[in-house]
Amino acid sequence: MSNVANTQEPKAAKKAADVTVKPIGEIQLPSGFSPHHKRHKVLLTGSAVGEALKQSFVMLRPDIQWKNPVMFVVEVGAFLTLFYLLQAIFGHSASQVSVNYFIALDAWLFATVLFANFATALAEARGKAQAESLRRARHDTVANRVTTTGVEKVSSSVLKQGDRVVVAEGETIPGDGEIIEGIASVDESAITGESAPVIREAGGDRSGVTGGTVVLSDRIVVKITSTAGDSFLERMIRLVEGAIRQRTPNEIALTMALSAFTLIFLIVVIPLWPMAWNAEQYMMGYLGITDPLHSLGTDVPTLIALLVCLIPTTIGALLAAIGIAGMDRALQNNIIAKSGKAVELAGDIDVVLLDKTGTITMGNRHATKFIPVGSYSAEDVGRLAALASAADQTPEGKSIVKLFEEQDRVPVNQPHGPTPLPLGAVSIAFTAQTRMSGVDLPDGRHIRKGAADAIVQFATGKNGDMTGDLKTLVDSVASKGATPLAVCEDRKIVGIVVLEDVLKPAMKERFARLRKMGLRTVMITGDNPLTAATIAAQAGVDDFIAQATPESKLAYLRKEQAEGKLVAMMGDGTNDAPALAQADVALAMNAGTQAAKEAANMVDLDSDPTKLIEVVEIGKQLLMTRGALTTFSIANDVAKYFAIIPALFAGTLPWLKAVDVMHLHSPTSAILSAVIFNALIIPALIPVALKGVNYQPLGADALLRKNLFIWGLGGVVIPFIGIKLIDVAMVGMHLAS
């Protein structure tokens, strides 16, 4: 197990707010605020379908189509067939088939391209509809900007980075920023779709606010961190609309592979014309006839149809839609992916780093007991711990003060309260590096509380090794899964504070699910190794980093990457930013600091620490969908081969009838049936591309076997059935010649 140190989570100490704070239970919601409001999740709407239909024709432009090599070949083939059709109409064609065959063939070739365009356009239209729902939250508001002379009212559009604005109850936050003063309940439903108000306060990792959200209670001062037009919401809209979408490396690689397949089949099909012509000459001599003998093998439009049916048009048509839909599914889960690559990488993740507090446990660690050492009493420990926590605005610090006041009924002097700490007292803020906080009193006493080894090092000047009663006490508390904080006065250890948290329900099952997916879970905690080991065993994680600091997180992450593993992690604080920037998949909370959001490649609008697990599942679903449809696309070439090849040489090589296992009505109906099936399978699979293949947490080998059985075998069998049914239907409607 990893062994890195801190018994308090590495959170920055919160600044005190000089506003009146109401308990959460007493917050009054504005009239008209509905606790059941959620942002509409756009799936398929009439307007989206209509817009996609229009774009399908616009995307026929060659300068757009050439970006998809497979469909570009189909479009070129459709125009070549149109050329031969015009020849046939004006009597300049020597083909044995009717003009109606050319018309039907060309119509379905163009339909194939249009269906492919429709799949991409529909995925983009869904993204634009999602963006429109976000855009409704974006509007200019009046901002109360703080100046050297007071407060002035200005438009939110003129705010600059670094401006400070005051936002009171019922007012809209005018821009992205961080709270530097105060605490408030905020309605973020315009961004997240979730109606429940959230608490945002100065100084910690929940200080980030987003422009367009509404303050429901109290008053805050916000430091603006973005300029007009480049807010978080603006960037989300641009990403969702696909205005700056770039193809992912895997998507580019697959496109190149599909292009190679297309080139191979093109090389295979081109020689068929001279082969068919030679076969015609041979049969003329064999039968002793002088009249020209024509087969479909020398009919160029038919060879084009063969090429279109053999190249992987299904996955070529749906590839872009699959990538766009992956980002859209992330958005439906209130996750903003800054690129498709981030979603894609999530599917290949090997290691997941998860913070203990708030992710594995409920996150409301609170003090439950003061335990003395030596001649000190529990009251002494409580009093000194409360003094050391007087300026500590972390939940743990507040809970220590509250526990002491409840037990001794003596109010603790607060630095900003009605009875401040003695004049000249210096508050020592908690940092991830020192792993302690405290106060230096005017009488010369230095009181500290924090990680046991850090306090021992502070008190003794040694390396922090614990001995005697303190070690026994710390180990006893840690072995039960609680967190022991040591308290010292000057150079004397006076006792410990016991912090307890509750494990979230069903976490063991969730980690077992991740293990089935082939992922290794690592818990990050500031607790000592014994506490960390106990909680890790209870939660069922594979490994843990104890006594974590920002540097140790980064070091562990780099070690895993050096071994060739892809690592995902989540974070919300400024001290998480280096590790987030290093991680392959980095999920930041929207409520976190601006530095964390900038360093991450995904942002969770719900600020839910467990959302990283869903991110991994979305990524794996994206990769599975792409793999499944690629397998299906290549497999269904088999049936089309058996339908078309016998038809090509039916007139010249009758012994090929032996491979005509489908017994289709005629050579022309066989060709048309295959082309029609090849076109119709694209819109039939659009829902799969947009929704994604149903994902189950299985190992890589099990998933491969399942996909080969369902999509590989299905890709072979379904075309046989589909082509035969189309042929029967054409005969029944007297459309087959």
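The rules we used
Residues numbered from 1 in each chain as written. Predicted model: local features only at pLDDT ≥ 70, side-chain atom pairs only at ≥ 80, totals over all residues. Heavy atoms only, no water. Helix = DSSP H or I, 4+ residues; strand = E, 2+ residues; numbered from the N terminus. Buried < 20%, exposed > 50% of the residue type's maximum accessible area, 1.4 Å probe, protein only. Expected span 1.5 Å × (residues − 1). Bend = angle between axes of the 7 residues up to and from the residue. Patch = residues over 30% accessible without salt bridge, like charges linked within 9 Å, V, L, I, M, F, W, Y side chains within 5 Å. Areas by Shrake-Rupley, 256 points an atom, 1.4 Å probe, with all protein chains shown as cover. Salt bridge = Lys/Arg side-chain N within 4 Å of Asp/Glu carboxyl O. Pairing = 2+ DSSP bridges. Axes fitted to C-alpha atoms, helices over the stretch in contact; angles between N-to-C directions. Core = buried A, V, L, I, M, F, W, Y, C linked by side-chain atoms within 4.5 Å. Contact = heavy atoms within 4.5 Å. Phe/Tyr/Trp six-rings, centres within 6.5 Å; stacked < 30°, edge-to-face > 60°. Lys NZ or Arg CZ within 6 Å of the ring centre and 35° of its normal. pLDDT = per-residue confidence, 0-100. Polar contact = N/O pair within 3.5 Å; in protein donor to acceptor, adjacent residues only side chain to side chain.

Brief notes about unusual backbone geometry
- Phi is positive for Arg 435, close to 60 degrees, though the residue is something other than glycine.
- Considering the arrangement of structural elements, one finds Arg 435 in the loop between strand E12 (426-428) and strand E13 (436-440).
- Judged by relative accessible area, which is 10%, Arg 435 ranks as buried.

Considerations on helix H10 (residues 313-332)
- Between its first and last C-alpha, H10 extends 29 Å over 20 residues, near the 28 Å set by a 1.5 Å rise per residue.
- The largest bend along H10 measures about 40 degrees and falls at Leu 319.
- Counting buried residues along H10, 18 of its 20 residues qualify, which places the element largely inside the surrounding structure.
- After H10 finishes, the residue Asn 334 shows a positive phi value of roughly 60 degrees.

Looking at a nonpolar patch on the surface
- Where nonpolar side chains cluster on the molecular surface, the patch consists of Phe 709, Ile 710, Leu 713, Val 717, Ile 721 and Leu 725 and spans about 580 Å² of accessible area.
- The topology assignment puts Val 717 in helix H25 (residues 700-732).

Description of the sheet that holds strand E11 (residues 366-372)
- Pairing in this open sheet of six strands is antiparallel, and the strands run E11-E16-E15-E14-E13-E12 from one edge to the other. Because the sheet does not close on itself, it has two edges, and the strands there are E11 and E12. Recorded for the sheet is a direction-independent mean angle of 20 degrees between the axes of neighbouring strands.
- Pairing of strand E14 (residues 446-451) with strand E15 (residues 483-489), which is carried by five bridges, proceeds in the antiparallel orientation.

Topic: the nonpolar core
- Counting 108 residues, the largest nonpolar core has Leu 105, Leu 318, Phe 511, Met 523, Val 585, Met 602 and Leu 629 as its most contacted members.
- Counting residues per element, this core draws most heavily on helix H24 (residues 667-691), which supplies 13 residues.
- Discounting residues that sit within four places of it in the chain, Leu 105 has contacts with Thr 81, Pro 301, Thr 302, Ala 305, Ile 671, Leu 672 and Val 675.

Things to note about the environment of Gln 65
- If you trace the backbone, Gln 65 turns up in helix H2 (residues 62-65).
- For the pair Gln 65 and Glu 75, spaced 10 residues apart in sequence, the C-alpha separation works out to 8.1 Å.
- Not counting the four nearest positions on each side in its chain, Gln 65 is found in contact with Met 59, Leu 60, Met 71, Phe 72, Glu 75, Val 113 and Asn 117.

Structural notes on the packing of aromatic side chains
- Considering all chains together, one arrives at four aromatic pairs under this definition.
- Summarising the aromatic geometry, the rings of Tyr 101 and Phe 102 are spaced 5.9 Å apart at their centres and angled 50 degrees between planes, so their arrangement reads as tilted.
- We classify Tyr 101 as buried; its relative accessible area is 3%.
- Taking relative accessible area as the criterion, Phe 102 reaches 1% and is therefore assigned buried.
- Taking the centre distance of 6.2 Å and the plane angle of 80 degrees together, the rings of Phe 632 and Trp 711 count as edge-to-face. Here Trp 711 lies in helix H25 and Phe 632 lies in helix H22 (residues 611-635), a separation of 79 residues in the sequence.
- Residue Trp 711 is classed as buried on the basis of its relative accessible area of 14%.
- Geometry around Phe 458 places Arg 491 over its ring, the cationic atom sitting 5.3 Å from the centre.
- When the ring centre of Tyr 556 is taken as reference, the NZ or CZ atom of Lys 559 above it lies at 4.9 Å.

Examining the confidence of the model for the protein
- Overall, the prediction assigns the protein a mean pLDDT of 80, with 82% of residues at 70 or greater.
- Looking over the protein, one finds the lowest element-wise mean pLDDT in strand E1 (residues 2-3), namely 44, and the highest in strand E4 (residues 164-168), namely 93.
- Ignoring residues within four places in sequence, the model shows residues 1-43, a span with pLDDT below 50, making 141 contacts including any to other chains.
- A low-confidence stretch, residues 414-420 (pLDDT under 50), is modelled with 12 contacts involving residues beyond four sequence positions or located in other chains.

A closer look at the side chain of Ser 56
- Looking at the secondary structure, you find Ser 56 in helix H1 (residues 46-58).
- Given a relative accessible area of 2%, Ser 56 falls into the buried group.
- Polar side-chain contacts of Ser 56 include one of 2.7 Å to the backbone oxygen of Ala 52.
- The contact partners of Ser 56, leaving out residues within four places of it in the chain, are Leu 114, Asn 117 and Phe 118.

Brief notes about the pairing of strand E10 (residues 351-355)
- With five of its five residues buried, E10 lies for the most part within the structure.
- In E10, alternate side chains face the same way, and those of Val 351, Leu 353 and Asp 355 on one face and Val 352 and Leu 354 on the other are all buried.
- Here five bridges tie E10 to strand E17 (residues 520-524), and the two strands are oriented parallel to one another. Counterpart to Val 352 in the pairing with E17 is Thr 521.

What about the pattern of salt bridges?
- Inspection of every chain in the model, using the stated rule, returns 25 salt bridges.
- Asp 63 serves as the salt-bridge partner of Arg 61, at 2.6 Å between the closest nitrogen and oxygen.
- We classify Arg 61 as partly exposed; its relative accessible area is 41%.
- By relative accessible area, Asp 63 is classed as partly exposed at 39%.
- Note that Lys 356 is salt-bridged to Asp 527, the shortest N-O span being 2.4 Å. Of the two residues, Lys 356 sits in helix H12 (residues 356-360) while Asp 527 sits in the loop between E17 and helix H18 (529-539), which places them 171 residues apart along the sequence. Take Lys 356 and Asp 527: they sit in the same class, and that class is buried.
- Here the salt bridges do not stand alone but share partners, grouping Arg 520, Asp 543, Lys 559, Glu 560, Glu 563 and Lys 565 into one network.

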